[in-house]
Amino acid sequence: MTETALPPGFPLPDLSEPLTSAFWLAAARDALALPYCRTCARFRWYPKPVCPGCGTDDLPWREVPGTGRLFSWTVVHHAFLPAFAGQLPFVAALVTLDAAPGVRLPTRIVGATPAELTVDAPVEVSFAPLSYPGVPGEVRAPFFRLRPKTDRSPV
């Protein structure tokens, strides 16, 4: 089996990657931004050089409110990379965004136990530093948490 060399700083995101750098620049300002196809009038995720719907490369990044719903999740108990060992267990999730129909954003759920999670639970973005032991540096990253009960509309 051949091992692939990991890029320096991995598992932190590569802030110089052209397709995703706008996402991380927005996160550094505590803003959530996604590519938007002007032709299709739809947000697109994961970022690509051209819209998968129409083929245009007119995909400016737009900020969106950080509210949505929990689509799916899993509790990670095994550190598939040594850098994750100190963060176990954590909840990896997919969140649908209210302002971006069709987008399912991969994230982590913070501030809640797995027993508190339900499909379609209202969530909101929460920005925090992302760092790993033994990996130099950190980035500001969007995580999601359950919305306070007073902010929840009936399901």
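Provided above is the structure to which this section pertains.
Residues numbered from 1 in each chain as written. Predicted model: local features only at pLDDT ≥ 70, side-chain atom pairs only at ≥ 80, totals over all residues. Heavy atoms only, no water.

With respect to the packing of aromatic side chains
No. 1: Under the defined criterion, the tally for this structure stands at seven aromatic pairs.
No. 2: Judged by centre distance (5.0 Å) and plane angle (90°), the ring pair of F23 and W24 falls under edge-to-face. The burial state of F23 is the same as that of W24; both residues are buried.
No. 3: Relative to F84, the ring of F80 has its centre 4.8 Å away and its plane inclined at 50°; by these criteria the two rings are tilted.
No. 4: Assessed through its relative accessible area of 54%, F80 is described here as exposed.
No. 5: Among the aromatic side chains, those forming a connected cluster through ring pairs are F23, W24, W45 and Y46.
No. 6: Between R104 and the ring centre of F71, over which it is positioned, the NZ or CZ distance is 3.8 Å.
No. 7: Taking NZ or CZ as reference, R108 lies 4.0 Å from the ring centre of F90, over its face. (Phe/Tyr/Trp six-rings, centres within 6.5 Å; stacked < 30°, edge-to-face > 60°. Buried < 20%, exposed > 50% of the residue type's maximum accessible area, 1.4 Å probe, protein only. Lys NZ or Arg CZ within 6 Å of the ring centre and 35° of its normal.)

A word on the pairing of strand β6 (residues 100-109)
No. 1: As judged from the seven bridges shared by strand β5 (residues 90-97) and β6, these two strands associate in the antiparallel manner. By the bridge assignment, T96 is partnered in β6 with R104.
No. 2: Remark: two residues form the turn of the hairpin made by β5 and β6, two consecutive strands paired antiparallel. (Pairing = 2+ DSSP bridges. Helix = DSSP H or I, 4+ residues; strand = E, 2+ residues; numbered from the N terminus.)

What to know about helix α1 (residues 21-28)
No. 1: When α1 is considered as a whole, its buried residues turn out to be S21, F23, W24, A26 and A27.
No. 2: Where α1 ends, the next residue or the one after it, D30, has phi of about 60°, a positive value.

Some thoughts on the pattern of salt bridges
No. 1: Under the criterion given, the structure shown has five salt bridges.
No. 2: We note a salt bridge from R29 to E63, for which the minimum N-O separation is 2.6 Å. You can see R29 sitting in the loop between α1 and β1 (32-37) and its partner E63 sitting in strand β3 (residues 61-64), a full 34 residues away along the chain. (Salt bridge = Lys/Arg side-chain N within 4 Å of Asp/Glu carboxyl O.)

Digging into the nonpolar core
A general tendency of soluble globular proteins is for nonpolar side chains to be buried together.
No. 1: By size, the foremost hydrophobic cluster in this structure holds 35 residues, and its most contacted members are L32, L34, L97, I109 and F144.
No. 2: Put simply, the parts of the chain that give this core at least two residues each are α1, β1, β5, β6, β7 (122-132) and β8 (135-146).
No. 3: At six residues, β8 tops the list of elements feeding residues into this core.
No. 4: Leaving out residues up to four positions away in the same chain, L97 has contacts with L32, L34, V64, T67, G68, V103, L105 and F144. (Core = buried A, V, L, I, M, F, W, Y, C linked by side-chain atoms within 4.5 Å. Contact = heavy atoms within 4.5 Å.)

Considering the pairing of β5
No. 1: Bridge count for strand β4 (residues 67-76) against β5 is eight bridges, and the pairing is antiparallel. Counted as the bridge partner of W73 is A93 from β5.

Considering the sheet that holds β1
No. 1: Taken in spatial order, the three strands line up as β2-β1-β3 in an open sheet, and their pairing is antiparallel. The open sheet is flanked by β2 (42-43) and β3, the only strands paired with a single partner.
No. 2: Bridge count for β1 against β2 is two bridges, and the pairing is antiparallel. In the sheet register, Y36 faces β2, and the bridge partner there is F43.

Everything listed here is a matter of geometry and, on its own, says nothing about what the molecule does.
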